[in-house]
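Letter by letter, the chains look like this.
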Amino acid sequence: MASLSVKPGQRFTLPDWKNNSLLISADAEQQRFNSHHIRQEGRVLRNDTGNQAKWDEHNSRTHLKDRITTVDKWREALAKCLKDLDSEIDALSKVKEAAENAIQAKNLCLDVAIECLTFRESRRDIDVVRDPVEEELHKEVKVIEKTKRELQQRVDDAFRQLCLLKEARQQLSCDHRHKVEALELDRQCMSFNPTSGNISFKVNPTRIPDGTTALSEWELNSRCNKERAEAEMRASVDLRGAITLTIAQTNNELDAQRIATEFALRKRMRDMEAALSELRWQEKNTLEEIAEMEEEIRQLEEDIKKRTLDLKVAHTRLETRTYRPHIELCRDQAQFGLTDEVQQLEGMIRALQQKRTESQDALDALYRQLHRIQTDIGYKTNSLQLDNKCMDTRRKLVVPVEKFDPEVDAVSRTRNLPRESQLELA
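Residues numbered from 1 in each chain as written. Predicted model: local features only at pLDDT ≥ 70, side-chain atom pairs only at ≥ 80, totals over all residues. Heavy atoms only, no water.

Trainee: Help me understand the overall build of the protein in this model?
Mentor: Of regular secondary structure, the protein possesses six helices and two strands. Listing every helix and strand of the protein by position from the N terminus yields α-α-α-α-α-β-β-α. Burial analysis of the protein (426 residues in total) assigns 25% to the buried set. Partitioning the contacts of the protein with sequence separation of at least 6, the portion at a separation of at least 24 is 87%. Roughly 30,700 Å² of accessible area belongs to the protein as shown, and the carbon and sulfur atoms make up 55% of that amount. (Helix = DSSP H or I, 4+ residues; strand = E, 2+ residues; numbered from the N terminus. Buried < 20%, exposed > 50% of the residue type's maximum accessible area, 1.4 Å probe, protein only. Contact = heavy atoms within 4.5 Å. Areas by Shrake-Rupley, 256 points an atom, 1.4 Å probe, with all protein chains shown as cover.)

What follows is the structure in structure tokens.
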């Protein structure tokens with residue numbers, strides 16, 4: 001007889017089936033509610049973040065505009081200051097050149113006065129007297145030398161002031177250049193927008209770069225540069241007035257003291273001879289020390305060679321003992337002794353090499369010092385020869401012209417020396 005087949009597995013009741021349907025519907029309702037709530041929150045968040053981003057970008061753009069305006073004002077102020085500084089440098093350079101030209105003009109006057117005195121030294125017999133003309137000529141020489149010193153001092157002051165002006169200009173120019181670069185960068189930042197092709201994520205963009213300064217420090221630096229340039233320009237204007245006044249005064253002043261050189265020249269020759277004697281003694285001792293140091297270096301190199309050979313022996317012994325068979329390859333006292341010997345020899349070689357280096361440096365220093373001594377001897381010998389020639393040249397002041405052997409050019413006040421002597425003077 002046929003039987004009814006039964007599907008194996010768990011059987012649910014009808015209430016369970018209904019409860020499951022109700023649970024699915026309730027879960028669907030809850031999920032839709034949650035989704036709607038999240039969508040509303042997302043819409044609010046999008047609106048808030050969009051508005052906040054627009055305001056933030058607007059504030060950033062406003063701050064950039066304000067910063068560009070501030071930097072541009074400083075750039076214009078520095079550019080104007082640079083222009084004024086260039087004008088003042090040019091004006092001071094012209095005044096300095098005028099003072100130098102005035103000094104050159106005084107040289108011509110001095111040559112004429114000394115030429116007159118030289119001509120008057122040729123007077124003979126009773127005419128060789130100190131008359132009022134000679135006294136006035138000597139006064140003229142004194143006046144010219146005094147005015148030349150005053151003008152030279154003004155020229156030196158102008159040179160120092162020009163250096164200060166150029167230093168201030170360099171700082172001002174550097175500050176101006178940096179502001180131009182900063183303006184270009186900020187204007188480039190102003191041109192960026194979400195559709196720009198050169199925007200990207202950067203690594204740690206909010207970091208504070210090295211060398212960052214505070215706003216007050218930035219403004220103080222620019223103000224200090226500008227104020228310093230203005231102060232140097234005011235000092236330059238005052239100096240230009242002083243130089244102009246000095247040039248005008250030196251054209252009218254005629255009062256000073258003649259420099260007596262003959263006594264100083266003789267004293268200088270005695271000092272030069274004593275210095276030459278001392279230098280020759282130093283040269284002799286230095287040569288002896290060089291010979292001893294060269295011998296010491298040679299002995300050090302020989303010792304280094306000997307210790308190197310000893311080190312090769314020790315290395316060879318250690319390497320040879322590494323071939324001992326099996327249990328014989330032990331760290332015995334001989335092994336320890338050879339190892340210590342290698343270390344000691346290496347230390348000795350390093351010490352000897354160090355000492356050789358020090359000795360070589362000392363020898364080089366001795367050779368340099370010898371060169372300095374010999375060069376100085378040459379300088380002083382040449383100077384002594386020139387002083388002797390000066391003494392011969394000065395004989396024309398007291399010896400009549402017909403008895404004075406060296407031929408003298410009265411205009412240039414320079415003896416017609418042989419070609420070799422002229423080369424020494426050069």
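Trainee: Explanation requested: the pattern of salt bridges in the structure shown.
Mentor: Here the idea is simple: oppositely charged side chains can pair when their charged atoms come close. Scanning the entire structure with this criterion turns up 20 salt bridges. As a salt-bridge pair, Lys80 and Asp84 come within 3.2 Å of each other at their nearest N and O atoms. Taken together, the residues span about one helical turn, with Lys80 and Asp84 both in helix 1 (residues 14-120) at a distance of four residues. Asp157 serves as the salt-bridge partner of Arg160, at 2.3 Å between the closest nitrogen and oxygen. Placement of the pair is Arg160 and Asp157 together in helix 2 (residues 132-191), with a separation of three residues, close to one helical turn. Take Arg160: its relative accessible area is 45%, and that puts it in the partly exposed class. One salt-bridge network, held together by shared partners, links Asp72, Arg75, Glu76 and Arg187. (Salt bridge = Lys/Arg side-chain N within 4 Å of Asp/Glu carboxyl O.)

Trainee: For this particular structure, what's the right way to read the layout of surface pockets?
Mentor: Over the atoms, a rolling probe the size of a water molecule traces out where space has been left empty. Of the voids in this model, the second largest pocket is the one considered here, and its volume is about 350 Å³. Along the wall of the second largest pocket there are 14 residues; nearest its centre are Arg67, His178, Lys179, Ala182 and Trp218. Of all the elements in the fold, those that place two or more residues in the lining of the second largest pocket are helix 1, helix 2 and helix 3 (215-250). Classifying every residue of the lining of the second largest pocket by side-chain character gives four nonpolar, four polar and six charged. (1 Å grid on protein atoms, 1.4 Å probe; cavity = no way out; pocket = protein on both sides within 12 Å on 5 of 7 lines; lining within 4 Å. Points joined across faces, edges and corners; volume = space filled by probe spheres on them. Nonpolar A, V, L, I, M, F, W, Y, C, P; charged D, E, K, R; others polar.)

Trainee: Just checking my understanding: could you explain the side chain of Glu283 for this structure?
Mentor: The topology assignment puts Glu283 in helix 4 (residues 262-321). The side chain of Glu283 is buried and forms no salt bridge, while Arg280, the nearest opposite charge, is found at 5.9 Å. Ignoring any residue separated from it by four or fewer positions in sequence, one finds Glu283 in contact with Leu370, Ile373, Gln374 and Ile377. (Lys, Arg positive; Asp, Glu negative; His and termini not counted.)

Trainee: I'm lost on the packing of aromatic side chains in this one. Help?
Mentor: Here the distance between the centres and the angle between the planes together describe a pair of aromatic rings. Per the counting criterion, the structure on display carries zero aromatic pairs. Against the face of Trp218 rests Arg67, its NZ or CZ located 3.9 Å from the ring centre. (Phe/Tyr/Trp six-rings, centres within 6.5 Å; stacked < 30°, edge-to-face > 60°. Lys NZ or Arg CZ within 6 Å of the ring centre and 35° of its normal.)

Trainee: What's the story with the side chain of Asp72 in this structure? I'm lost.
Mentor: Within the secondary structure, Asp72 is located in helix 1. Ignoring any residue separated from it by four or fewer positions in sequence, one finds Asp72 in contact with Leu183 and Arg187.

Trainee: Sorry if this is basic, but what is going on with the nonpolar core here?
Mentor: Most often, soluble globular proteins keep nonpolar side chains buried together rather than apart. Core analysis: the largest hydrophobic core is formed by 22 residues, its most contacted members being Leu85, Leu92, Leu165, Leu172, Ala229 and Ile243. Elements with a minimum of two residues in this core: helix 1, helix 2 and helix 3. Sort the elements by how many residues they give to this core and helix 1 lands first, with ten residues. Not counting chain neighbours up to four residues away, the residues in contact with Ala229 comprise Cys81, Leu85, Ala168 and Leu172. With seven residues, the next largest nonpolar core counts Leu311, Leu338, Val342 and Ile349 among its residues. (Core = buried A, V, L, I, M, F, W, Y, C linked by side-chain atoms within 4.5 Å.)

Trainee: I'm lost on the UniProt feature "coiled-coil region" (unreviewed entry) in the protein in this one. Help?
Mentor: With numbering matched to this structure, UniProt assigns "coiled-coil region" (unreviewed entry) to residues 134-161, 276-310 and 342-369. The distance from the first to the last C-alpha atom of residues 342-369 is 40 Å, and the span holds 100% helix and 0% strand. (UniProt positions renumbered as here; feature names shortened; annotations may be inferred.)

Trainee: Just checking my understanding: could you explain the environment of Leu162 for this structure?
Mentor: If you trace the backbone, Leu162 turns up in helix 2. Classification of Leu162 by relative accessible area gives buried; the value is 8%. With residues up to four places along the chain from it excluded, the contact list for Leu162 reads Ile89, Leu92, Ser93 and Lys96.

Trainee: Any chance you could explain the confidence of the model for the protein here in plain terms?
Mentor: Detailed reading of the predicted coordinates is not advisable wherever pLDDT is low. The share of residues in the protein with pLDDT of 70 or more is 76%, and the mean pLDDT across the chain is 77. Highest mean pLDDT in the protein belongs to helix 3 (88); lowest belongs to helix 6 (residues 419-425) (32). Scored below 50 in pLDDT, residues 124-129 makes four contacts in the model with residues more than four places away or belonging to other chains. Residue range residues 254-262 is modelled with pLDDT below 50. Its contacts to residues more than four positions away, or to other chains, number 16 contacts. (pLDDT = per-residue confidence, 0-100.)

Trainee: Help me out: how do you make sense of the environment of His138 in this one?
Mentor: With respect to the element layout, His138 can be found in helix 2. Residue His138 is classed as buried on the basis of its relative accessible area, which comes to 11%. Each C-alpha atom of the pair His138 and Ile114 lies 8.6 Å from the other, and the pair is 24 residues apart in sequence.

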